[in-house]
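Chain by chain, the residues:
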Amino acid sequence: MTVQDLPTVRIVEVGPRDGLQNIRDYIPTPTKLELIRRLKETGLGTIELTSIVSPRIIPQLADSREVLGDEEVRRMGGKDLRFPVLVPTVRALEIAVQYGVKEIAVFISATEGFSKANINCSVEQGIERARNVASLALKSNIAVRGYVSCLFLDPYDGPTQPASVLRCVKELLDAGCYEVSLGDTLGVASLSNVRSLISFLFDNDIPREKLAGHFHDIYGQAAANVWEAYNCGLRVFDSSIAGLGGCPFAPGAKGNVATEDLVYMFHNAGIDTGVNLSKLVDTGVWISEQLTKATGSCARIGRVSFTESQDAELKVTASKARIIAPRALHHEITRHQSSGITVCKYKEVFGVSESAGYLQLPATIALLSGLKASGQTAVFSPGSPLESHTFYYTLTLLTFRI
């Protein structure tokens, strides 16, 4: 199969809703609207706007009506840009209809403990609620997407049975959902978990085109799990700008997989997403600055300036890579000089600070070799890939311009 033959991937950006809902500090509505506008400019085709929920339950989304009623947002939505809204109840659906929402999302948990903590009902009751909301939405010509939470582990009940996931997926599809997103809410999935569950669903007659993946990145495995799901046949994936996210009702559930990292990964594998990576990275840096927090993405574009001789040879080895922040690798470089070998940090070699574009490389590239410098362009050619957790693809060329 040639690169041109590879199927494209659809990214569902959940940052404005799932990414922001767990942030305690107040985020002004204009900031949220600007985030939506910037995400739209990247070429994303689906952006989940907000959730219509009680401010008492999720204070950060108390401005859902202001977001839905914004004139620019209403103008942006259309055939080429979908704006789904998470709607947990019939009352919330009525509000969505008032604001002209064209697509909603409903959700259920595959496990009892999380269902009671998240929506205060049993799994059976959650299914019934979702079914009622979906039925009314379809009667109003509103498209419905579904979520299933806690695919692999419940923070209260322990491991999830695949049969429970299968039941929930079937219920949502039977209710009229055009697609069901499979949520690894606690980010505990492994590659074998992902393949096993997806194969189980396929073996039980769930069409692959009806499924999407939604992976959290608590243990740094989300992008690898996305790649595994892609190789199993899934072509739709949820992600959040700058890796923002987390569920307020799932202890330990922190960030979603970063949209920048997924787009970077797929593009380097020759798989089209329709998204402008440069604009996406800029947006991730911008929202991180607004929230005064470090970006959760590794796909940052670094600007570098060299003080070393052009024939310098720099190598990064896996043994010299150590985690200094979630999803960010701090590589140490062995610099070969006539005076001997010196171990130093990237910012010391390249003369850049973290705030000014500290060079961060995705976890897929823990091994680089063969630095070549020519004029104002530095070309990194990677060596052999590392173990299987490195997302299964080899970067062929990275070019950074000053």
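Residues numbered from 1 in each chain as written. Predicted model: local features only at pLDDT ≥ 70, side-chain atom pairs only at ≥ 80, totals over all residues. Heavy atoms only, no water.

**What about the overall build of the protein?**
Part 1 of the argument: Scanning the protein for helices and strands turns up 13 helices and 17 strands.
Part 2 of the argument: The long-range fraction of contacts in the protein, counting pairs at least 24 apart against all pairs at least 6 apart in sequence, stands at 70%.
Part 3 of the argument: Surface accessibility of the protein: about 17,500 Å² in total, with carbon and sulfur atoms responsible for 50%. (Helix = DSSP H or I, 4+ residues; strand = E, 2+ residues; numbered from the N terminus. Contact = heavy atoms within 4.5 Å. Areas by Shrake-Rupley, 256 points an atom, 1.4 Å probe, with all protein chains shown as cover.)

**What about the packing of aromatic side chains?**
Two aromatic rings are characterised by how far apart their centres lie and by the angle between their planes.
Part 1 of the argument: Applying the stated criterion across every chain yields a total of four aromatic pairs.
Part 2 of the argument: Geometrically, the ring pair formed by Trp227 and Phe266 is tilted, given 6.0 Å between the ring centres and 45° between the ring planes. Linking Trp227 in helix H10 (residues 222–232) with Phe266 in helix H11 (residues 259–268), this pair joins segments that are 39 residues apart in sequence. Both residues of the pair, Trp227 and Phe266, count as buried.
Part 3 of the argument: Chaining the aromatic ring pairs together yields one cluster made of Trp227, Tyr230, Phe237 and Phe266.
Part 4 of the argument: The lysine or arginine in question, Arg145, covers the ring of Tyr147, its NZ or CZ lying 5.5 Å from the ring centre. (Phe/Tyr/Trp six-rings, centres within 6.5 Å; stacked < 30°, edge-to-face > 60°. Buried < 20%, exposed > 50% of the residue type's maximum accessible area, 1.4 Å probe, protein only. Lys NZ or Arg CZ within 6 Å of the ring centre and 35° of its normal.)

**Some words on the nonpolar core**
Part 1 of the argument: Grouped together as the largest cluster of nonpolar side chains are 85 residues, with contacts concentrated most on Ile104, Val148, Leu211, Phe237 and Phe266.
Part 2 of the argument: Take this core: its biggest share by element is seven residues, from H10.
Part 3 of the argument: In contact with Phe237, other than residues within four places in its own chain, are Val9, Arg10, Ile11, Val12, Gly213, Val226, Ala229, Tyr230, Leu262 and Phe266.
Part 4 of the argument: The next biggest cluster of nonpolar side chains, apart from the first, holds 10 residues, and it includes Val14, Ile119, Ala212 and Val236. (Core = buried A, V, L, I, M, F, W, Y, C linked by side-chain atoms within 4.5 Å.)

**What to know about the pattern of salt bridges**
Part 1 of the argument: According to the stated counting rule, one finds 15 salt bridges in the structure shown.
Part 2 of the argument: The partner of Glu94 in a salt bridge is Arg91, and the shortest N-O contact between them spans 3.3 Å. Remark: Arg91 and Glu94 occur in helix H5 (residues 90–98); sequence separation between them is three residues, near one turn of the helix.
Part 3 of the argument: The exposure class of Glu94 is partly exposed, given its relative accessible area of 40%. (Salt bridge = Lys/Arg side-chain N within 4 Å of Asp/Glu carboxyl O.)

**Looking at the sheet that holds strand S10 (residues 236–239)**
Part 1 of the argument: If you walk across this open sheet you meet the eight strands as S2-S1-S10-S9-S8-S5-S4-S3, and the pairing is parallel. Where the open sheet ends on each side, the last strands, each with one partner, are strand S2 (46–47) and strand S3 (85–86).
Part 2 of the argument: Note: strand S8 (residues 179–184) against strand S9 (residues 211–215), five bridges, orientation parallel. Directly across from Gly183, in S9, lies its bridge partner His214.
Part 3 of the argument: The strands that helix H8 (residues 162–174) touches are strand S4 (103–109), strand S5 (143–149), S8 and S9; relative to S5, the one it contacts most, it runs at about 170°. (Pairing = 2+ DSSP bridges. Axes fitted to C-alpha atoms, helices over the stretch in contact; angles between N-to-C directions.)

**Overview of the packing of H8 against helix H9 (residues 191–203)**
Part 1 of the argument: One can describe the packing of H8 onto H9 by two numbers: an axis separation of 10 Å at closest approach and a directional angle of 50°. With respect to H9, the element H8 is oriented oblique. Every pair of crossing elements has a handedness; the one defined by H8 and H9 is right-handed. Packed against H8, whose contacting residues are Pro162, Ala163, Val165 and Leu166, the element H9 presents Leu197, Phe200 and Leu201 at the interface. (Parallel < 35°, antiparallel > 145°, perpendicular 65-115°, else oblique. Left-handed = near helix turned anticlockwise from the far one by under 90°.)

**Comments concerning the pairing of S9**
Part 1 of the argument: Within S9, five of the five residues are buried, which leaves the element mostly enclosed by the surrounding structure.
Part 2 of the argument: Covered by surrounding structure in S9 are Leu211, Gly213 and Phe215 together with Ala212 and His214, the residues of both alternating faces.
Part 3 of the argument: Running through H9, the crossover from S8 to the neighbouring parallel element S9 is right-handed.
Part 4 of the argument: Summarising the sheet, S9 and S10 pair through two bridges and their orientation is parallel. (Right-handed = clockwise from strand over helix to strand, strands pointing away.)

**Considerations on the side chain of Lys32**
Part 1 of the argument: Summarising the element assignment, Lys32 is placed in helix H2 (residues 29–41).
Part 2 of the argument: A distance of 2.4 Å separates a polar side-chain atom of Lys32 from the backbone oxygen of Gln60.
Part 3 of the argument: Not counting chain neighbours up to four residues away, the residues in contact with Lys32 comprise Leu20, Ile27, Gln60, Leu61 and Asp63. (Polar contact = N/O pair within 3.5 Å; in protein donor to acceptor, adjacent residues only side chain to side chain.)

**Quick look at the pairing of S5**
Part 1 of the argument: Counted residue by residue, S5 has six buried out of seven residues, so it is predominantly covered.
Part 2 of the argument: Judged from the seven bridges that link them, S4 and S5 form a sheet pairing that is parallel. Among the inter-strand pairings, Ser109 is bridged to a residue of S5, identified as Ser149.
Part 3 of the argument: Across four bridges, the pairing between S5 and S8 is parallel. Within S8, the position partnered with Tyr147 by the bridge is Ser181.

**Observations concerning the environment of Val165**
Part 1 of the argument: Relative to the elements of secondary structure, Val165 occurs in helix H8.
Part 2 of the argument: Val165 sits 32 residues away from Leu197 along the chain, and the two C-alpha atoms are 8.7 Å apart.

**Considerations on the side chain of Ser64**
Part 1 of the argument: Tracing the backbone through its elements, the reader meets Ser64 in helix H3 (residues 64–69).
Part 2 of the argument: The class of Ser64 is buried, set by a relative accessible area of 4%.
Part 3 of the argument: Beyond its immediate stretch of four places on either side in the chain, Ser64 contacts Thr50, Ser51 and Ile52.

**Section: the confidence of the model for the protein**
Part 1 of the argument: Averaged over every residue, the pLDDT of the protein is 76; the share at 70 or more is 70%.
Part 2 of the argument: Contacts from residues 301–402, a stretch scored under 50 in pLDDT, to residues over four places away or in other chains number 187 contacts. (pLDDT = per-residue confidence, 0-100.)

**Observations concerning unusual backbone geometry**
Part 1 of the argument: Not every positive phi belongs to a glycine, and Asn120 is a case in point at roughly 55°.
Part 2 of the argument: Its location among the elements puts Asn120 in the loop between helix H6 (112–119) and helix H7 (123–139).
Part 3 of the argument: When its relative accessible area of 64% is taken as the criterion, Asn120 is described as exposed.
Part 4 of the argument: Not every positive phi belongs to a glycine, and Asn141 is a case in point at roughly 60°.
Part 5 of the argument: Mapping Asn141 onto the fold places it in the loop between H7 and S5.

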